[in-house]
Amino acid sequence: MNITLIGMAGVGKSTIGKALAKRLSCTFIDVDSLIKEKTCMSLQALIDTRGDSALVRLEEEAVLSLDLRGDSIISPGGSVVYSEKAMNFLKENSTIIFLDTSFRNIVRRIRNPAKRGLVGFKERSLRELFEERLVLYRKYADMTVKVKGYERVPVVVEKILEGLESLPDSRC
């Protein structure tokens, strides 16, 4: 069983992913952490020194190198949807769940977007990135779970588990 959580930065992919992994006794894989370990740099430092395309490429490489033979919950960065190769790999090897929340909730959760390591933020506003990515998240999602503003993590985990049971062709 492999599950990939996609969504905008600030939606809670890592927090929810860790709780889901614990509940299902799976391995939790945080792709952003893999990139930070490999480069010894924060995501923002990578963008500042190497540019957006370098981060997208590193994220693609990290995803394509994942060993998904075991049961895993994967939390890639919000920009993973810019890589068709990475998304196709994840689609073939996992059930993709889009954690969908409102723009207002994202603004509330991302205190300083200029320091968050957001691909595209130098050229576009947070609102523009949100709207651009929303289309891509929906395109790749096998399932969408609505995440309300201050919803507790266990509630979101239950929503995910209930949704997985209703998927006709779940890879879980």
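Here the structure is shown first, and the text comes after it.
Everything numeric in this text was worked out from a predicted model, so none of it was measured.

Undergrad: Any chance you could break down the overall build of the chain for me, citing the residues and the numbers?
TA: In terms of helices and strands, the chain carries eight helices and five strands. Sequence-ordered secondary structure for the chain, helices as α and strands as β, is β-α-β-α-α-α-β-α-β-α-α-β-α. For 172 residues, the compact-globule estimate of 2.2 N^0.38 gives 16 Å, and the chain sits close to it at 15 Å. Across its three principal axes, the chain shows a C-alpha extent of roughly 45 × 35 × 25 Å. The proportion of buried residues among the 172 residues of the chain is 52%. Taking the contacts inside the chain whose residues are at least 6 apart along the sequence as the reference set, 73% of them involve residues at least 24 apart. As displayed, the chain has an accessible area near 8600 Å², and 50% of this comes from carbon and sulfur atoms.

Undergrad: So, the packing of helix α2 (residues 31–39) against helix α3 (residues 43–50): which residues are in play, and what are the values?
TA: For the pair α2 and α3, interaxial distance at closest approach is 10 Å and the crossing angle is 60°. On the basis of their axis angle, the class for α2 and α3 is oblique. Here Asp32, Ile35, Lys36 and Thr39 of α2 lie close against α3, whose contacting residues are Leu43, Leu46 and Arg50. A breakdown of the residues in the contact of α2 with α3 according to their chemical character gives three nonpolar, one polar and three charged.

Undergrad: So, the packing of helix α1 (residues 13–24) against helix α8 (residues 153–166): which residues are in play, and what are the values?
TA: Interhelical geometry of α1 versus α8 gives an angle of 65° and a closest axis separation of 9 Å. Judged by the sense of rotation from one axis to the other, the crossing of α1 with α8 is right-handed. Here Thr15, Ile16, Ala19, Leu20, Arg23 and Leu24 of α1 come into contact with α8, specifically with Val153, Val156, Val157, Glu158, Ile160 and Leu161. Among the residues forming the contact of α1 with α8, the class breakdown is nine nonpolar, one polar and two charged.

Undergrad: Run through helix α4 (residues 52–64), naming residues and quoting values.
TA: Compared with an ideal rise of 1.5 Å per residue, which puts 13 residues at 18 Å, α4 spans 18 Å between its outermost C-alpha atoms and is within 8% of the ideal. For α4, the full list of buried residues reads Asp52, Ala54, Leu55, Val56, Leu58, Glu59, Ala62 and Val63. In the core, the buried residues of α4 are packed alongside α2, α3 and α5 (84–93).

Undergrad: Summarise α2; cite the residues concerned and give the values.
TA: Spacing of three or four residues puts side chains on the same side of an α-helix, whose turn is 3.6 residues. Where α2 is concerned, the buried positions are Val31, Ile35 and Thr39. What you see down the axis of α2 is that its buried residues fit within an arc of 60°, all on one side. On its buried side, α2 packs onto β2 (27–30), α3, α4 and β3 (72–75). The positive-phi residue at the C-terminal boundary of α2 is Cys40, with phi of around 55°.

Undergrad: Outline the pairing of strand β4 (residues 95–100), supporting the account with residue identities and numerical values.
TA: In terms of burial, β4 is largely enclosed, as six of its six residues are buried. Burial along β4 is two-sided: the face carrying Thr95, Ile97 and Leu99 and the face carrying Ile96, Phe98 and Asp100 are both buried. Where strand β1 (residues 2–6) lies against β4, four bridges are found, and the strand directions are parallel. When the bridges of β4 are listed, Ile3 appears paired with Thr95.

Undergrad: Give a description of the nonpolar core that names residues and reports values.
TA: Among the nonpolar cores identified, the biggest contains 57 residues, and Ile6, Ile97, Leu99 and Ile160 are the most heavily contacted of them. In terms of residue count, helix α7 (residues 126–140) provides more of this core than any other element does, seven residues in total.

Undergrad: Describe the sheet that holds β2, naming the residues involved and giving the relevant values.
TA: Pairing within the open sheet is parallel, and its five strands lie in the order β2-β3-β1-β4-β5. Whereas interior strands pair on both sides, the edge strands pair on one side only; in this sheet they are β2 and β5 (143–146). Each adjacent strand pair in this sheet contributes to an overall mean axis angle of 25°, direction not counted. Examined bridge by bridge, β1 and β3 share three bridges and lie parallel to one another. Its bridge partner lying in β3, Ile3 is registered against Ile73. Packing against the sheet, α2 makes contact with β2 and β3, and its axis sits at approximately 60° to β2. Lying on the sheet, α7 is in contact with β1 and β4; it crosses β4 at an angle near 145°.

What counts, and where the lines are drawn
- Residues numbered from 1 in each chain as written.
- Predicted model: local features only at pLDDT ≥ 70, side-chain atom pairs only at ≥ 80, totals over all residues.
- Heavy atoms only, no water.
- Helix = DSSP H or I, 4+ residues; strand = E, 2+ residues; numbered from the N terminus.
- Rg over C-alpha atoms; globule rule 2.2 N^0.38 Å.
- Buried < 20%, exposed > 50% of the residue type's maximum accessible area, 1.4 Å probe, protein only.
- Contact = heavy atoms within 4.5 Å.
- Areas by Shrake-Rupley, 256 points an atom, 1.4 Å probe, with all protein chains shown as cover.
- Axes fitted to C-alpha atoms, helices over the stretch in contact; angles between N-to-C directions.
- Parallel < 35°, antiparallel > 145°, perpendicular 65-115°, else oblique.
- Nonpolar A, V, L, I, M, F, W, Y, C, P; charged D, E, K, R; others polar.
- Left-handed = near helix turned anticlockwise from the far one by under 90°.
- Expected span 1.5 Å × (residues − 1).
- Arc of directions from axis to C-beta.
- Pairing = 2+ DSSP bridges.
- Core = buried A, V, L, I, M, F, W, Y, C linked by side-chain atoms within 4.5 Å.

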